Amino acid sequence: MGSDCPNVVLVVTDQQRYDSLACYGFDGGHTPNLDHLAGQGAVFDAAYCTSPLCTPSRASMFTGKQVAEHGVEKLYDTLPESEALFTERLRDAGYRTGLFGKLHVSGRADEATRRHPRDGFDVYEWCNEASLDMQSPLHAYDAWLAEKDPEFRERLRGEGRGVLHHPRSVHMSHWIADRALAFIDETAGRQPFFAYLGFFDPHNPFDDYPEEFAEQVGELPPVRPVPDRVPDGLRREMESKTVAAHVAGGDLDAARVGYHASIALLDAEIGQVLDRLDELGLAEDTLVIVTSDHGEMLGDRGLMTKGAFFYEPCVRVPLLLRQPGVVPDGVRVADPVALTDVAATVLRAAGLDTGYLEDVLDLRLLATGETAPHAFVTSSYRNGGVAVGQPTTYFDPPLLATMIRAGRYKLVRYHDPVAPDGQLFDLEADPEEKHDRWEDPSLAHIRADLMAVLLDWQVRQHWCAGPRGGERLPQHTMA
């Protein structure tokens with residue numbers, strides 16, 4: 001491996017909507033470190049998750065493949081052992097690789113009992129959520145708390161999510177940054193490194209943030225109203241994703257403050273890592289990527305969390321990239337990109353081949369205009385979430401939906417065999433998605449064209465996935 005291979009720091013937050021940072025036009029938060037980072041590199045204004053659900057989205061990000069290709073469709077699915085995370089290729093190429101925090105490329109019950117055999121991490125300090133699966137020997141945050149604050153550890157073990165306002169000194173987000181800093185200190189100068197920081201924040205519940213960070217949250221924008229037209233597929237999800245079901249006491253204002261207070265904490269912890277890169281003289285030789293697995297509705301359209309809805313706050317995520325000398329300062333990229341592009345970008349930065357991946361871009365080259373953009377990007381929901389009140393039962397009949405974004409238009413298709421329906425938005429004329437144009441005759445041709453493109457794409461994805469049992473060709477015995 002050549003000496004010009006950069007270090008890589010990949011930061012993935014959980015459930016962070018794109019419009020939660022000042023660099024995306026949000027005025028009510030406090031994210032000076034991330035906004036400063038944005039000014040030192042590229043901001044991607046239309047970055048979309050490959051699925052509006054944690055497990056399939058993260059599996060796509062770490063394999064570089066679409067949902068149909070890697071096979072993780074639902075919340076509790078397991079990534080097949082034949083699938084490798086891109087970190088395996090980095091490690092094989094000479095990088096020292098470290099994981100700190102949430103991975104979630106398989107369901108949490110599976111990850112609490114074993115590592116994926118091809119996760120590719122030299123250092124594996126895993127924790128999907130602070131108070132879940134604390135008895136697991138893989139729960140590194142629990143082990144850290146045992147030394148740092150045994151009393152707080154016992155409270156978490158006993159009360160779980162009932163423990164509110166975790167002090168910053170023992171907060172999971174602080175633990176992630178602390179362990180990443182130690183990894184960088186140990187590795188700097190010895191070999192190139194890949195440090196992955198998998199934060200749980202700002203995922204619900206929205207009341208575990210250190211109380212002092214609420215003071216950094218300013219005035220929040222109005223909540224977007226419930227739409228006049230609601231497809232049946234979306235209506236099914238709305239029944240289980242209400243404010244009453246997901247916000248303690250139904251206090252949406254408090255939940256929104258807590259959400260942005262958690263992001264302010266994230267900013268402070270990520271800032272510590274960025275500062276350390278500067279102190280060690282590594283910033284010029286390090287590719288930094290900050291993104292999230294999907295967004296959060298946070299009361300908009302009457303919805304909470306994520307699921308089979310494809311409004312911008314749910315499927316569009318922040319995506320910041322800095323690599324001095326490669327990507328100029330202050331670049332903004334309007335072209336739609338996908339989280340699968342993260343894998344391609346990291347691998348190509350390390351000088352590694354990505355020919356085995358389909359329809360992925362090196363985001364650095366897109367930022368500098370050296371490669372053509374995607375013709376379209378997609379996001380898939382394949383009955384991934386659970387029905388209301390039944391934490392291990394999926395929707396029956398299944399809830400299936402797909403989104404396609406091409407140019408100014410975004411189409412959503414709910415694949416109901418009896419009553420298929422959808423949504424169509426002109427994001428250039430209507431960036432807040434106030435007007436669903438699905439039934440607008442003047443856009444019937446746009447709807448038809450996008451449906452045709454979506455059909456071809458879905459067939460291609462299943463072809464790329466290959467046969468589930470592999471193949472065995474007969475011997476050629478004929479002359």
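Reference entry: report on the structure contained in this document. (Residues numbered from 1 in each chain as written. Predicted model: local features only at pLDDT ≥ 70, side-chain atom pairs only at ≥ 80, totals over all residues. Heavy atoms only, no water.)

1. Structural notes on the side chain of Asp-341
So, step 1. The residue Asp-341 is located in helix α13 (residues 340-349) in this model.
So, step 2. Here Asp-341 is buried and forms no salt bridge, its nearest opposite-charge partner Arg-348 lying at an N-O distance of 7.4 Å.
So, step 3. Here Asp-341 is in contact with Asp-359, Val-360, Leu-361, Leu-363 and His-374, once residues within four sequence places are set aside. (Helix = DSSP H or I, 4+ residues; strand = E, 2+ residues; numbered from the N terminus. Buried < 20%, exposed > 50% of the residue type's maximum accessible area, 1.4 Å probe, protein only. Lys, Arg positive; Asp, Glu negative; His and termini not counted. Salt bridge = Lys/Arg side-chain N within 4 Å of Asp/Glu carboxyl O. Contact = heavy atoms within 4.5 Å.)

2. Examining the pairing of strand β5 (residues 123-126)
So, step 1. Burial along β5 is two-sided: the face carrying Val-123 and Glu-125 and the face carrying Tyr-124 and Trp-126 are both buried.
So, step 2. Bridging between strand β4 (residues 96-101) and β5 involves four bridges; their strand directions are parallel. If you follow Leu-99 over to β5, its bridge partner there is Tyr-124. (Pairing = 2+ DSSP bridges.)

3. Some remarks on the nonpolar core
So, step 1. With 70 residues, the main nonpolar core has Phe-44, Phe-62, Leu-103 and Phe-194 as its most contacted residues.
So, step 2. Here this core takes five residues from α13, the largest share from any one element.
So, step 3. Listed in part, the 54 residues of the second largest apolar core include Tyr-141, Phe-152, Phe-206 and Ala-283. (Core = buried A, V, L, I, M, F, W, Y, C linked by side-chain atoms within 4.5 Å.)

4. Comments concerning the pairing of strand β14 (residues 409-414)
So, step 1. Where burial is concerned, most of β14 is hidden: six out of the six residues are buried.
So, step 2. Taking every second residue as pointing to the same face, both faces of β14 are buried, with Tyr-409, Leu-411 and Arg-413 on one and Lys-410, Val-412 and Tyr-414 on the other.
So, step 3. Pairing of strand β13 (residues 400-406) with β14, which is carried by six bridges, proceeds in the antiparallel orientation. Residue pairing in the sheet places Arg-405 in a bridge with Lys-410 of β14.
So, step 4. One ladder, built from six bridges, connects β14 with strand β15 (residues 421-426); its direction is antiparallel.

5. Observations regarding the pattern of salt bridges
So, step 1. Per the stated rule, a full pass over the model turns up 36 salt bridges.
So, step 2. In this structure, Asp-19 engages Arg-17 in a salt bridge whose closest nitrogen and oxygen atoms are separated by 2.6 Å. Each of the two residues, Asp-19 as well as Arg-17, counts as buried.
So, step 3. In this structure, the salt-bridge partner of Arg-437 is Asp-440, at a minimum N-O distance of 2.7 Å.
So, step 4. Overall, the relative accessible area of 25% leaves Arg-437 in the partly exposed class.
So, step 5. A network of salt bridges, in which partner residues are shared, links Asp-14, Arg-58, Lys-102 and Asp-293.

6. Re the side chain of Gln-423
So, step 1. Within the secondary structure, Gln-423 sits in strand β15.
So, step 2. A polar side-chain atom of Gln-423 sits 3.1 Å from a polar atom in the side chain of Tyr-311.
So, step 3. Each residue touching Gln-423, except ones within four places of it in the same chain, is listed here: Arg-229, Pro-231, Leu-234, Tyr-311, Lys-410, Leu-411, Val-412, Tyr-414, Asp-436 and Trp-438. (Polar contact = N/O pair within 3.5 Å; in protein donor to acceptor, adjacent residues only side chain to side chain.)

7. A closer look at the sheet that holds strand β11 (residues 337-338)
So, step 1. The strand order across the open sheet formed by three strands is β8-β3-β11, and the pairing between neighbours is mixed. Either end of the sheet is taken by a strand with one partner, and the two such strands are β8 (316-317) and β11.
So, step 2. Here strand β3 (residues 47-48) pairs with β8 via two bridges, running antiparallel. Residue pairing in the sheet places Tyr-48 in a bridge with Arg-316 of β8.

8. Some remarks on the sheet that holds β5
So, step 1. On the basis of which strands lie adjacent, the open sheet formed by eight strands has the order β5-β4-β6-β1-β7-β9-β2-β10 and mixed pairing. In the strand order of this sheet, the two ends are held by β5 and β10 (331-333), each with one partner. In this sheet, neighbouring strand axes are inclined to one another by 10° on average, regardless of whether the strands run parallel or antiparallel.
So, step 2. Pairing geometry for strand β2 (residues 42-44) and β10, over three bridges, is parallel. The partner of Phe-44 across the bridge, within β10, is Val-333.
So, step 3. Here α13 sits on the sheet and contacts β1 (7-13), β6 (193-198), β7 (286-292) and β9 (319-322); the angle it forms with β7, its principal contact strand, is near 175°. (Axes fitted to C-alpha atoms, helices over the stretch in contact; angles between N-to-C directions.)

9. Thoughts on helix α8 (residues 172-187)
Helical periodicity: at 3.6 residues per turn, an α-helix aligns residues three or four positions apart in one direction.
So, step 1. For α8, built from 16 residues, the straight-helix expectation of 22 Å at 1.5 Å per residue is met to within 8% by its first-to-last C-alpha distance of 23 Å.
So, step 2. Along α8, the residues that are buried comprise Met-172, Ser-173, Trp-175, Ile-176, Ala-177, Ala-180, Leu-181, Phe-183, Ile-184 and Thr-187.
So, step 3. Backbone geometry just after α8 places Gly-189 at a positive phi near 90°. (Expected span 1.5 Å × (residues − 1).)

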